[in-house]
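For reference, the chains in residue letters:
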Amino acid sequence: MMLRILACAILLFSATVLSQNVATLRKQAALDQEVTTEPIANEITNDLKVSRNYPMQPPIIPHNIRDYQIDLNVNTCLACHSRRKVTNTQATMVSVTHYMDRDGNFLAAVSPRRYFCTQCHVSQTDAAPLVGNSFVDVKELMAVSKNENE
Ligand code: HEC
Ligand code: HEC
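Residues numbered from 1 in each chain as written. Chains lettered and ligands numbered in written order. Predicted model: local features only at pLDDT ≥ 70, side-chain atom pairs only at ≥ 80, totals over all residues. Heavy atoms only, no water.

### Some details on a nonpolar patch on the surface
Then step 1. A cluster of nonpolar side chains, namely Leu-25, Leu-130 and Val-131, defines an oily patch on the protein surface of about 390 Å² accessible area.
Then step 2. The topology assignment puts Val-131 in the loop between helix H3 (86-89) and helix H4 (138-144).
Then step 3. Given a relative accessible area of 63%, Val-131 falls into the exposed group. (Patch = residues over 30% accessible without salt bridge, like charges linked within 9 Å, V, L, I, M, F, W, Y side chains within 5 Å. Areas by Shrake-Rupley, 256 points an atom, 1.4 Å probe, with all protein chains shown as cover. Salt bridge = Lys/Arg side-chain N within 4 Å of Asp/Glu carboxyl O. Helix = DSSP H or I, 4+ residues; strand = E, 2+ residues; numbered from the N terminus. Buried < 20%, exposed > 50% of the residue type's maximum accessible area, 1.4 Å probe, protein only.)

Following this line, the structure appears as structure tokens:
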């Protein structure tokens, strides 16, 4: 019993400390306060793919996706990006990982866990990063020891 009370006290304490240091998108405004929100970022729909920051990053979408339906019956994205359609559409084929189930078996169709494309792929925007970071792309590091395969 004592232990539980102690655990609760520690949890409460750390929650309080953390909530003081973490800036939220609402800029730490009280719950009953309204904050002025940033304007919505502009989508970039110039059809130019941008390079990925790391190989396993879901590429961001370089074109308009407004009103592209993705539900039980229709997946508009696959109408262009599926393996069978890409010759006609010249869209990038969804990668092989999208046809794999969680055990690594290949399926004939896009795996259900990769069906809702916009769960992972977002549109390109001109939005500034919400928080700063010191991430360095591996290719910057490689530039130091010039790689001939590049
Ligand atoms: C009308 C055909 C079409 C539809 C529908 C379509 N795309 Fe595309 N997509 C393309 C083409 C073509 C490209 C190549 C770049 C360009 O022309 O915009 C592309 C590029 C992309 C890329 C960039 C790939 C890379 O390697 O950088 C992503 C991600 C993407 N689309 C996701 C989607 C998603 C998600 C949807 C559905 C919400 C979708 N697309 C619907 C044709 C389409
Ligand atoms: C669970 C997250 C997730 C979902 C859902 C998802 N993707 Fe991806 N996608 C990724 C990741 C991660 C990559 C990059 C690594 C890879 O190829 O697996 C990628 C890569 C891609 C690429 C680039 C392939 C290449 O070889 O350059 C395209 C195009 C793409 N996805 C389209 C789609 C479309 C269309 C859908 C919906 C049918 C979709 N993705 C659903 C995570 C996802």
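### Quick word on unusual backbone geometry
Then step 1. Although it is not a glycine, Asp-67 adopts a positive phi angle of roughly 65°.
Then step 2. Looking at the element boundaries, Asp-67 is found in the loop between helix H1 (2-21) and helix H2 (78-81).
Then step 3. Judged by relative accessible area, which is 74%, Asp-67 ranks as exposed.
Then step 4. Unusually for a residue other than glycine, Gln-90 sits at a positive phi of about 60°.
Then step 5. Take Gln-90: it is sitting in the loop between H3 and H4.

### Re the site of ligand 2
Then step 1. The immediate surroundings of ligand 2 are formed by 22 residues, with Thr-97, His-98, Cys-117, Cys-120 and His-121 found nearest.
Then step 2. Separating a nitrogen atom of ligand 2 from a side-chain N or O atom of His-98 is a distance of 2.8 Å.
Then step 3. Here a nitrogen atom of ligand 2 and a side-chain polar atom of His-121 are 2.7 Å apart.
Then step 4. Broken down by class, the residue content of the shell around ligand 2 amounts to 11 nonpolar, 8 polar and 3 charged. (Near = heavy atom within 4 Å. Polar contact = N/O pair within 3.5 Å; in protein donor to acceptor, adjacent residues only side chain to side chain. Nonpolar A, V, L, I, M, F, W, Y, C, P; charged D, E, K, R; others polar.)

### Describing the coordination of the iron atom of ligand 1
Then step 1. Around the iron atom of ligand 1, the protein contributes the donor atoms His-63 (NE2) and His-81 (NE2), which lie 2.0 Å from the metal centre.
Then step 2. One can describe the donor arrangement at the iron atom of ligand 1 as octahedral, given that its 6 donor atoms subtend angles of 87 to 179° at the metal. Here His-81 lies in helix H2 and His-63 lies in the loop between H1 and H2, a separation of 18 residues in the sequence.
Then step 3. What makes His-63 partly exposed here is its relative accessible area of 26%.
Then step 4. Looking at His-81, the relative accessible area reads 23%, which means it is partly exposed. (Donors = N, O, S within 2.8 Å, 3.2 Å for Na, K, Ca; no water. Tetrahedral: all angles 85-135°; square planar, octahedral: opposite > 155°, others 65-115°.)

### Focus on the coordination of the iron atom of ligand 2
Then step 1. Within the first shell, the iron atom of ligand 2 binds the protein through His-98 (NE2) and His-121 (NE2), at distances of 2.0 Å.
Then step 2. Around the iron atom of ligand 2 sit 6 donor atoms, and with donor-metal-donor angles ranging over 87 to 178° the site reads as octahedral. Here His-98, found in the loop between H3 and H4, pairs with His-121, found in the loop between H3 and H4; they are 23 residues apart in sequence, far enough to count as distant. With respect to class, His-98 is no different from His-121; both count as buried.

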